[in-house]
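Here is what each chain is made of, one letter per residue.
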Amino acid sequence: MYDPVIAVENKSSPIPDCVTWNSTGICPKIHPASSPANERGGSSCPDYFRWIHEDLRHWRKTGITERMVSEARRTAHFRLTILGGKMYVERFREAYQSRVLFTLWGFAQLMRRYGGKLPDLELMFDCDDLPVVGAEQYGVGPPPLFRYSANNSTLDIVFPDWTFWGWAEINIKPWSRFLKEIKEGMEMLKWEDRVPYAYWKGNPRVYRQRYLLLKCNLTLQNDWNARVYTIDWKKEARRGFMQSNLAKQCTHRYMIYVEGQAWSVSEKYILACNSPTLLIQSRWHDFFTRGLVPQRHYWPVRDSQMCKSIKFAVEWGNNHTAKAKEIGEAGSHFAHEALRMENVYDYMFHLLSEYAKLFKYKPKIPPGATELCSEALACHAHGKWREFMDESMEKFPSDSPPCMMPPPFDLGALARAKMEAVDEVEAWEDEYLRKKDNVLH
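Because the structure is predicted, anything quoted here is derived from the model rather than measured. (Residues numbered from 1 in each chain as written. Predicted model: local features only at pLDDT ≥ 70, side-chain atom pairs only at ≥ 80, totals over all residues. Heavy atoms only, no water.)

Student: Can you break down the overall build of the protein chain residue by residue, with the values?
Tutor: Counting its secondary structure elements, the protein chain contains 14 helices and 13 strands. The C-alpha atoms of the protein chain give a radius of gyration of 23 Å, which matches the 22 Å a tight globule of 441 residues would have. In terms of overall dimensions, the protein chain has a C-alpha envelope of 85 × 50 × 40 Å along the principal axes. In the protein chain, buried positions account for 56% of the 441 residues. Sequence separation of 24 or more characterises 76% of the internal contacts of the protein chain that already satisfy a separation of 6 or more. Approximately 20,000 Å² of the protein chain is accessible, and the part contributed by carbon and sulfur atoms is 52%. (Helix = DSSP H or I, 4+ residues; strand = E, 2+ residues; numbered from the N terminus. Rg over C-alpha atoms; globule rule 2.2 N^0.38 Å. Buried < 20%, exposed > 50% of the residue type's maximum accessible area, 1.4 Å probe, protein only. Contact = heavy atoms within 4.5 Å. Areas by Shrake-Rupley, 256 points an atom, 1.4 Å probe, with all protein chains shown as cover.)

In structure tokens form, the structure reads like this:
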């Protein structure tokens, strides 16, 4: 029987072997790389990896039992099982657009990168926006449910979202390709030459906070230093996405981030722009946002007086250009370096490895599961879906080990430092508004 091998010595750029897959339905065997570790081996992971310890803390005493995992099935879209170096998926229901497809694609690429190094486990994954595992519902042993975002009152385990491998329906390219394109765009327009206002463009229909942001736009009565635009994705699709290329939207000195129904995938694209991110007070977090520090990676904006906060932020930045530029560069460096795909895969690897250590039972292949590999997904895909898969496919197994997992945070000290940075900005803002009121009266 044909048994294709993905070998690190192969100098070509392999694509899914659909000829073999279509005739046999057998996933290729992935041989782990055996080359000596390169210079990346032994490097320390970014700080946000520390949150893995906190996200799994709820199962440290009890471990993870089969009953707990089964309970997580209630809202899950699929079950992923890793056993003996192979991945299997059991699908329960479809999610919005291609979330399930590209999330599974991400898992398949993790297997191509670190095949043979992933531990046996099974997990339930919910691809919807809103977390469902409330902390108050469970005393001990909550269901371990994976998803893209959570908040401080939920226990859902956060995991990289599908857009790192592309969002075909709205032509958002795989993250690695996007980073290359936005870097070219940033070099063409220096920060000092950008429009000296705050910019946001998006769909306001998904959450009330976005509707409120529209009121911060320029009017005959007020200039809040914001330039806000709406987008209709259906119209954009008919126009060929000519006005929605994210890599070409770094034209303003300041970029606004506002959440949607839950967290928004837009945050990483906004951070990458090399302009200070004005982050409107958020309720949700994904796997990396807790690693962002106010005044270092972004400028905090009050949601209770959004327009006034944005106006102050822009005036402050235009009067403190060196510091504003420094914040923009730090946020952009975080997106380009701490969030490069090598680190995304390493986060996935470490999260799954730590999760598997908590297991109290031996997983088995579910009766309704099928083996998961790149061919099982890509060979049925067409158009942008197939294009993005080919682009984001891991070509070879990694020839270096994952980065080294850092120890847990002192969460109290971290929270205090962040709060002090936010309080300082709010004090500056309050003083600015008092002076402005005194001038008017």
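Right, picking up where we left off after that structure.
Student: Any chance you could break down the packing of aromatic side chains for me, citing the residues and the numbers?
Tutor: Scanning the entire structure with this criterion turns up 37 aromatic pairs. Taking the ring centre of Tyr-197 as reference, the NZ or CZ of Arg-227 above it sits at 3.8 Å. Arg-253 extends its terminal NZ or CZ atom over the ring of Trp-191, reaching a point 5.1 Å from the ring centre. (Phe/Tyr/Trp six-rings, centres within 6.5 Å; stacked < 30°, edge-to-face > 60°. Lys NZ or Arg CZ within 6 Å of the ring centre and 35° of its normal.)

Student: Lay out the sheet that holds strand S11 (residues 277-280) with the relevant residues and their values.
Tutor: Overall, parallel pairing links the five strands, which are arranged S9-S8-S10-S11-S12 in an open sheet. The strands lining the two open edges of the sheet, one partner per strand, are strand S9 (226-230) and strand S12 (299-301). With strand direction ignored, the average angle separating the axes of adjacent strands in the sheet is 30°. For strand S10 (residues 252-257) and S11, the ladder comprises three bridges, and the chain directions are parallel. (Pairing = 2+ DSSP bridges. Axes fitted to C-alpha atoms, helices over the stretch in contact; angles between N-to-C directions.)

Student: So what about the state of the cysteines? Which residues, and what values?
Tutor: Inspection of the entire model under this criterion finds five disulfides. Here Cys-18 connects covalently by a disulfide to Cys-379, the sulfurs 2.1 Å from one another. What sets the handedness of the Cys-18 and Cys-379 disulfide is the S-S torsion sign, and at about -95° it is left-handed. Of the two residues, Cys-18 is situated in helix H1 (residues 18-24) and Cys-379 in the loop between helix H12 (374-378) and helix H13 (383-392); the sequence distance between them amounts to 361 residues. Comparing Cys-18 with Cys-379, the two get one shared label, buried. Paired through a disulfide, Cys-250 and Cys-273 show a sulfur-sulfur distance of 1.8 Å. Classification of the bridge connecting Cys-250 and Cys-273 rests on its S-S torsion, roughly -85°, and on that basis the disulfide is left-handed. (Disulfide = S-S within 2.5 Å.)

Student: Account for the environment of Thr-20, with residues named and values stated.
Tutor: You can see Thr-20 is positioned in helix H1. For Thr-20, a relative accessible area of 13% corresponds to the buried category. On a C-alpha basis, the gap between Thr-20 and Glu-375 in space is 9.2 Å, while along the polypeptide they are 355 residues apart.

Student: Can you lay out the environment of Asp-120 for me, pointing to particular residues and giving the numbers?
Tutor: Within the fold, Asp-120 resides in the loop between helix H4 (99-114) and strand S5 (121-125). Overall, Asp-120 belongs to the partly exposed group, its relative accessible area being 26%. With 232 residues separating them along the chain, Asp-120 and Leu-352 place their C-alpha atoms 9.3 Å apart. Setting aside residues no more than four positions away along its own chain, Asp-120 makes contact with Ile-82, Leu-83, Gly-84, Gly-85, Ala-356, Lys-362 and Pro-363. Among the polar contacts listed, one links the side chain of Asp-120 to the backbone nitrogen of Gly-84, at a separation of 2.9 Å. Polar side-chain contacts of Asp-120 include one of 2.5 Å to the side chain of Lys-362. (Polar contact = N/O pair within 3.5 Å; in protein donor to acceptor, adjacent residues only side chain to side chain.)

Student: A description of unusual backbone geometry should follow, citing residues and the corresponding values.
Tutor: Even without a glycine there, the phi angle at Asn-225 is positive, about 65°. Topologically, Asn-225 is positioned in the loop between helix H6 (208-214) and S9. Take Asn-225: its relative accessible area is 8%, and that puts it in the buried class.

Student: Can you tell me about the sheet that holds strand S6 (residues 145-147), naming the residues and giving the values?
Tutor: The strand order across the open sheet formed by six strands is S7-S6-S5-S3-S4-S13, and the pairing between neighbours is mixed. What marks the edges here is a single partner per strand, and that holds for strand S7 (157-158) and strand S13 (370-372). Note that strand S4 (residues 86-91) and S13 share three bridges and pair antiparallel. Considered in S13, the bridge of Tyr-88 is made with Glu-371.

Student: Any chance you could break down the environment of Phe-164 for me, citing the residues and the numbers?
Tutor: Looking at the secondary structure, you find Phe-164 in the loop between S7 and helix H5 (175-188). Assessed through its relative accessible area of 1%, Phe-164 is described here as buried. Phe-164 sits 122 residues away from Asp-286 along the chain, and the two C-alpha atoms are 13 Å apart.

Student: Could you give an account of the pattern of salt bridges, with specific residues and numbers?
Tutor: As enumerated under the stated definition, the model contains 32 salt bridges in all. Three or more residues joined by partner-sharing salt bridges are found here, namely Lys-173, Arg-177, Glu-181, Lys-384, Glu-387 and Glu-391. (Salt bridge = Lys/Arg side-chain N within 4 Å of Asp/Glu carboxyl O.)

Student: A description of the pairing of S5 should follow, citing residues and the corresponding values.
Tutor: With respect to burial, S5 is a largely interior element, five of its five residues being buried. Residues of S5 alternate between two faces, with Leu-121, Leu-123 and Phe-125 on one and Glu-122 and Met-124 on the opposite face, all of them buried. As paired strands, strand S3 (residues 78-83) and S5 are joined by five bridges and run antiparallel to one another. Across the sheet, Ile-82 pairs through a bridge with Leu-121, a residue of S5. Across two bridges, the pairing between S5 and S6 is parallel. Bridge pairing in S6 places Phe-125 opposite Phe-146.

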